[in-house]
Amino acid sequence: MKDQATPSSTITGQTWDTAAYAANGRFVATLAKGVVELLAPRPGEHILDLGCGDGALTEELADAGAIVTGVDASAAMVEAARARGLRIDHHDATALPYESQFDAVFSNAALHWIRNAPAVLAGVHRALRPGGRFVVEMGGHGNIAAIRVALQAVMAGYGIDAEETAASLFASPAFYSRLLEAAGFRIESIDLIPRPTPLPSGMEVWLNTFRNGVLDRLAGADRAQAVARTLELLRPVLCDSDGNWIADYVRLRFRAIRD
Ligand code: BEZ
């Protein structure tokens, strides 16, 4: 199912095709082992999975015995996650309605889609019980740098500012630490982790799945040409001699405690 306009997709133009995501974005959940270990979910505790997407990780947390609620701004993703039999709410991360009801808030590969981090952090703080933990992995400073530079260069030729259109937040540990502390969190750990990530379906599919908010500003031959030029720029740095594409991911991973 292709996503309808939602509060966050309206800002970035990004839409989610759940079938394409299931086929080409599964690696996002598969690579989340480290952040799930940092969360260390315990049986019986109440956990909010913020930006749960199609619920693959929400299901994993539930299988560990936690009582999990997922929340996502994308109607298509909410429908896909509910189809797994999970409890899923439909809200924008900047307007969370929860009050002191979770032992932990968890988020993987979601918060870099939202520039208004103070609004997210205020809602997470309200949602947690005192002493509750907030455990996150998201794109960090320098994330997909080569891909962004290539898109910026190509889209400029069509008068489009790709960085502004994508509206991502790839924060440094220092920047995000200041936001967390201002929102009332004590940081236990925060790290920037380079993680070159093999793309099983290749770069063209990645661009069409994760940068459609930028590319869909063009249509027909222009769009096809922009994709081809971007691939041409990226091939020497992100494609190995056997034709395997590796994205230049950098993760920001942290564990913080609500004061
Ligand atoms: C990320 O997980 O870092 C990411 C995924 C898609 C687009 C941009 C960033």
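Residues numbered from 1 in each chain as written. Predicted model: local features only at pLDDT ≥ 70, side-chain atom pairs only at ≥ 80, totals over all residues. Heavy atoms only, no water.

Visitor: Mind showing me how you'd approach the UniProt feature "domain: Methyltransferase type" (unreviewed entry) in the chain here?
Guide: With numbering matched to this structure, UniProt assigns "domain: Methyltransferase type" (unreviewed entry) to residues 48-136. Along residues 48-136 the backbone is 30% helical and 33% strand, and the end-to-end C-alpha distance reaches 12 Å. (UniProt positions renumbered as here; feature names shortened; annotations may be inferred. Helix = DSSP H or I, 4+ residues; strand = E, 2+ residues; numbered from the N terminus.)

Visitor: Can you walk me through unusual backbone geometry in this structure?
Guide: Phi at Ala40 is positive, roughly 50°, even though this residue is not glycine. In this fold, Ala40 is placed in the loop between helix 4 (33-39) and strand 1 (46-50). For Ala40, a relative accessible area of 34% translates into the label partly exposed. Located in the positive-phi region is Ile144, a residue other than glycine, with phi close to 40°. You can see Ile144 is positioned in the loop between strand 5 (128-139) and helix 8 (145-156). (Buried < 20%, exposed > 50% of the residue type's maximum accessible area, 1.4 Å probe, protein only.)

Visitor: I'm lost on empty space enclosed by the protein in this one. Help?
Guide: Once rolled over the atoms, a probe with the size of a water molecule shows which space is left empty. Counted under the stated rule, the structure contains four cavities of 30 Å³ or more. Size it by volume and the largest cavity reaches roughly 760 Å³. Roughly 50 Å³ of internal volume is contained in the second largest cavity. The wall of the second largest cavity is formed by Asn24, Phe27, Leu199, Pro200, Ser201, Gly202, Val205, Trp206, Thr209 and Phe210. Examining the composition of the lining of the second largest cavity, we find that five residues originate from one element, helix 11 (residues 202-210), more than from any other. (1 Å grid on protein atoms, 1.4 Å probe; cavity = no way out; pocket = protein on both sides within 12 Å on 5 of 7 lines; lining within 4 Å. Points joined across faces, edges and corners; volume = space filled by probe spheres on them.)

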